Amino acid sequence: MFTLIGDIVGSRKITDRAAAQQAIGAALNRVNETIDTAQPLEPTLGDEVQGGFTTVGDATLAALLINLELSPDIEMRFGLGKGDVTVHDSSRHPLLQDGPGWWTAREAIGTLKGRHGTWYVGPSEENPSPALVNAFLLARDALVARLSDRQQRMLLLSFQGRLQREIATAEKISQSAVSQAFARGVRAAHDAQLTFGKA
């Protein structure tokens, strides 16, 4: 299983913590409805979230969708690990996870050391290798960071299956403006994630 652990960037600067936790919970519910999970995404202790996925593509997409759902008010960093995960008490929520999958995700988020983004720690002999996964994540996150708030909303809508004319209606702009936004980075970020998910 691919375990994903996320925590809030700059959590101490958040003034309305209750509103932030509500927003995070709602975002996780929407992502759970979008992506098949091995363990549903859920808030855990402090400012963290966690979930489990059967593919690295789904796990990396989940990290991206959570940040797009929360943008621009809240940003999360993510650690991604691979390995067996033991749940000691399935009736307890948040789930109490243990095992190599959880440990490597914890190691990955520790590797970021306060930086933004997503990082993967997994077996070096795996395909794709951790080096290739992290190269993709660095490039993808850089692409998304260059997008404006409106372009990030367009990217989220495109992952939800909306057509460009529907995105134009949602954003109250012309379809030509949407097309230009896609040409200036939205399509590249969208296609990079989908292509990686098929690897």
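This text follows the structure it describes.
Residues numbered from 1 in each chain as written. Predicted model: local features only at pLDDT ≥ 70, side-chain atom pairs only at ≥ 80, totals over all residues. Heavy atoms only, no water.

Undergrad: Before we go on, may I ask you to explain the overall build of the protein chain in this structure?
TA: Each helix and strand counted, the protein chain has seven helices and seven strands in total. Along the protein chain, helices and strands appear, N-terminal first, in the series β-α-β-β-α-β-β-β-α-β-α-α-α-α. In terms of overall dimensions, the protein chain is globule-like: its C-alpha atoms have a radius of gyration of 17 Å, near the 16 Å expected for 199 residues. In terms of principal-axis extent, the alpha carbons of the protein chain reach across some 50 × 40 × 30 Å. Buried positions account for 47% of the 199 residues belonging to the protein chain. Of the contacts made within the protein chain by residues no fewer than 6 positions apart, 64% connect residues no fewer than 24 positions apart. Taken as two groups, the 20 positive and 22 negative side-chain charges of the protein chain have centres that lie 9 Å from each other. (Helix = DSSP H or I, 4+ residues; strand = E, 2+ residues; numbered from the N terminus. Rg over C-alpha atoms; globule rule 2.2 N^0.38 Å. Buried < 20%, exposed > 50% of the residue type's maximum accessible area, 1.4 Å probe, protein only. Contact = heavy atoms within 4.5 Å. Lys, Arg positive; Asp, Glu negative; His and termini not counted. Charge placed at Lys NZ, Arg CZ, Asp CG, Glu CD.)

Undergrad: I keep staring at the sheet that holds strand β3 (residues 48-53) and nothing clicks. Help me out?
TA: Paired through backbone hydrogen bonds, the strands of a sheet run either parallel or antiparallel to each other. With mixed pairing, the five strands of this open sheet are ordered in space as β2-β3-β1-β4-β7. Edge strands, defined here as strands with exactly one partner in the open sheet, are β2 (39-43) and β7 (118-121). On average, each strand axis in the sheet is inclined to that of its neighbour by 15°, with strand direction left out of account. As defined by bridge partners, strand β4 (residues 76-82) adjoins β7 across four bridges and the pair is classed as parallel. Residue leucine 80 lies in a different strand from β7, and its bridge partner there is tyrosine 120. Packed on one face of the sheet, helix α3 (residues 100-112) meets β1 (2-8), β3, β4 and β7 and runs near 140° to β4. (Pairing = 2+ DSSP bridges. Axes fitted to C-alpha atoms, helices over the stretch in contact; angles between N-to-C directions.)

Undergrad: Hey, could you run me through the nonpolar core in this one?
TA: In globular proteins that are soluble, nonpolar side chains generally tend to be buried together. Ranked by internal contacts, the top residues of the largest apolar core, which has 45 residues, are Leu4, Leu41, Leu65, Ile66, Leu68 and Leu155. Here this core gets ten residues from one element, more than from any other, and that element is helix α2 (residues 56-70). (Core = buried A, V, L, I, M, F, W, Y, C linked by side-chain atoms within 4.5 Å.)

Undergrad: Even after reading the chapter, I still don't get the environment of serine 176, so can you show me in this structure?
TA: Within the element layout of this structure, serine 176 appears in helix α7 (residues 175-197). A relative accessible area of 43% means that serine 176 is categorised as partly exposed. As for serine 176 and glutamine 164, which are separated by twelve residues in sequence, their C-alpha atoms are 9.1 Å apart.

Undergrad: Explain the pairing of β4 here, please?
TA: Taken residue by residue, a regular strand's side chains alternate between the two faces of the sheet. Here β4 lies mainly inside the structure; six of its seven residues are buried. In the sheet, β1 pairs with β4 via seven bridges, with the strands oriented antiparallel. Across the sheet, the residue bridging to threonine 3 is glycine 81, located in β4.

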